[in-house]
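# Summary of the model geometry
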Amino acid sequence: MTTRRADAVFDGQPITAAPLREHVYQRLQELMISRTFAPGDHLVEETLAQRLGVSRGPVREALQRLHRDGWVTLRPRYGAFVNQPTTQQVLEFFEARELVESSAARLAAQRCSMQDAADLLQICDEADEDLRRGVPPQQMAAHTARFHRAVLKNARNHILLEFGEQLSHRSRWFFAPLVASIAPRAWVEHREVAQLIMAGRADEAAESMRAHVTVSRDTYLATQPVAEPVAEPYLDEEPVRATALASPLHPGSS
């Protein structure tokens, strides 16, 4: 674990609200999403407990859950490490995102009101203004999350929205190192999707969103390191299942 990066985020205040293990889980997850804890970083129970102001028990529980949810890899005799996705896991994530979000764009074009569509374009206007002002990447990432969630909400399908929200943490994690470089291109594509939704051109909106996700996938694979797939023999599972559990693309697997 890189102590310097972690020191910049921990405020030294102990976590006191219950349930404690949930707060520890969320704090550690956020530190991984922001890449404060980068892929491959060693997560030491004692160090984390000291910095969070808790005992080692809630940290151990959180790390076990983060492992089950695919954020952390547990290595016998070595401990917990932030997961580094394989190429296959990257492809699976973006495949799921493409299916969910292109479907949402199609349905939004068929179902949303003119005010809903205008609100989508307003998000694009605000993002463009902040991009011109050179705001920090975290702020641009917040605009991106707002836009994609608005498309999902405008689809008027609660199950589809739930699937999209399950992917949202993964999306933030994948795009944290890319926001600054892809923002100019991404917001041109976002505006195109919004305009097609406003025009009610459902098939074209779906295709535009699909293309947007595909370009994002290709950018990630071209610029970010990926891991070789490795089975985890200490798990009482077949190798394929073990690899899936180590993936950041299988939320809730246990």
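Use the structure listed above.
Residues numbered from 1 in each chain as written. Predicted model: local features only at pLDDT ≥ 70, side-chain atom pairs only at ≥ 80, totals over all residues. Heavy atoms only, no water.

With that out of the way, let us pick up the sheet that holds strand S2 (residues 72-75). Taken together, the 3 strands give an open sheet; going across it, the order is S1-S3-S2, and neighbouring strands pair in antiparallel fashion. The open sheet has two edge strands, strand S1 (42-43) and S2, and neither has a second partner. Where S2 and strand S3 (residues 79-82) come together, 4 bridges link them in antiparallel fashion. For Thr73, the partnering residue across the bridge sits in S3 and is Phe81. Packed onto the sheet, helix H4 (residues 56-68) meets S1, S2 and S3 and runs at close to 110° relative to S2. (Pairing = 2+ DSSP bridges. Helix = DSSP H or I, 4+ residues; strand = E, 2+ residues; numbered from the N terminus. Contact = heavy atoms within 4.5 Å. Axes fitted to C-alpha atoms, helices over the stretch in contact; angles between N-to-C directions.)

All right, on to the pattern of salt bridges then. One pass over the full model with this rule turns up 19 salt bridges. A salt bridge links Arg106 to Asp203, with the nearest nitrogen and oxygen atoms 3.3 Å apart. Taken as a pair, Arg106 in helix H5 (residues 87-111) and Asp203 in helix H10 (residues 202-223) lie far apart in primary sequence, 97 residues in all. The class of Arg106 is partly exposed, set by a relative accessible area of 31%. Here Asp203 falls in the exposed class, since its relative accessible area comes to 55%. Across the salt bridge formed by Arg217 and Asp218, the nearest N and O atoms sit 2.9 Å from each other. Several salt bridges share partner residues, and in doing so they unite Glu22, Arg65 and Asp69 into one network. (Salt bridge = Lys/Arg side-chain N within 4 Å of Asp/Glu carboxyl O. Buried < 20%, exposed > 50% of the residue type's maximum accessible area, 1.4 Å probe, protein only.)

Assignment of secondary structure puts Thr73 in strand S2. On the basis of relative accessible area, Thr73 is assigned to the buried category, the value being 12%. At 2.9 Å, the side chain of Thr73 and the side chain of Asn83 are in polar contact. (Polar contact = N/O pair within 3.5 Å; in protein donor to acceptor, adjacent residues only side chain to side chain.)

So, about the pairing of S3. Of the pairings in the sheet, the one linking S1 to S3 comprises 2 bridges and is antiparallel in character. Counterpart to His42 in the pairing with S3 is Phe81. Counting the residues that bridge the hairpin from S2 to S3 gives 3 residues, and of these Arg77 lies at a positive phi of roughly 70°.

Moving on to helix H6 (residues 114-133). In this model H6 runs 29 Å from its N-terminal to its C-terminal C-alpha over 20 residues, within 8% of the 28 Å that 1.5 Å per residue would give. Every buried residue of H6 is listed here: Asp116, Ala117, Leu120, Leu121, Ile123, Cys124, Ala127 and Asp130. Those residues of H6 that are buried lie in contact with helix H7 (137-154) and helix H9 (179-198). Once H6 finishes, Gly134 follows within two positions and takes phi at roughly 75°, a positive value. (Expected span 1.5 Å × (residues − 1).)

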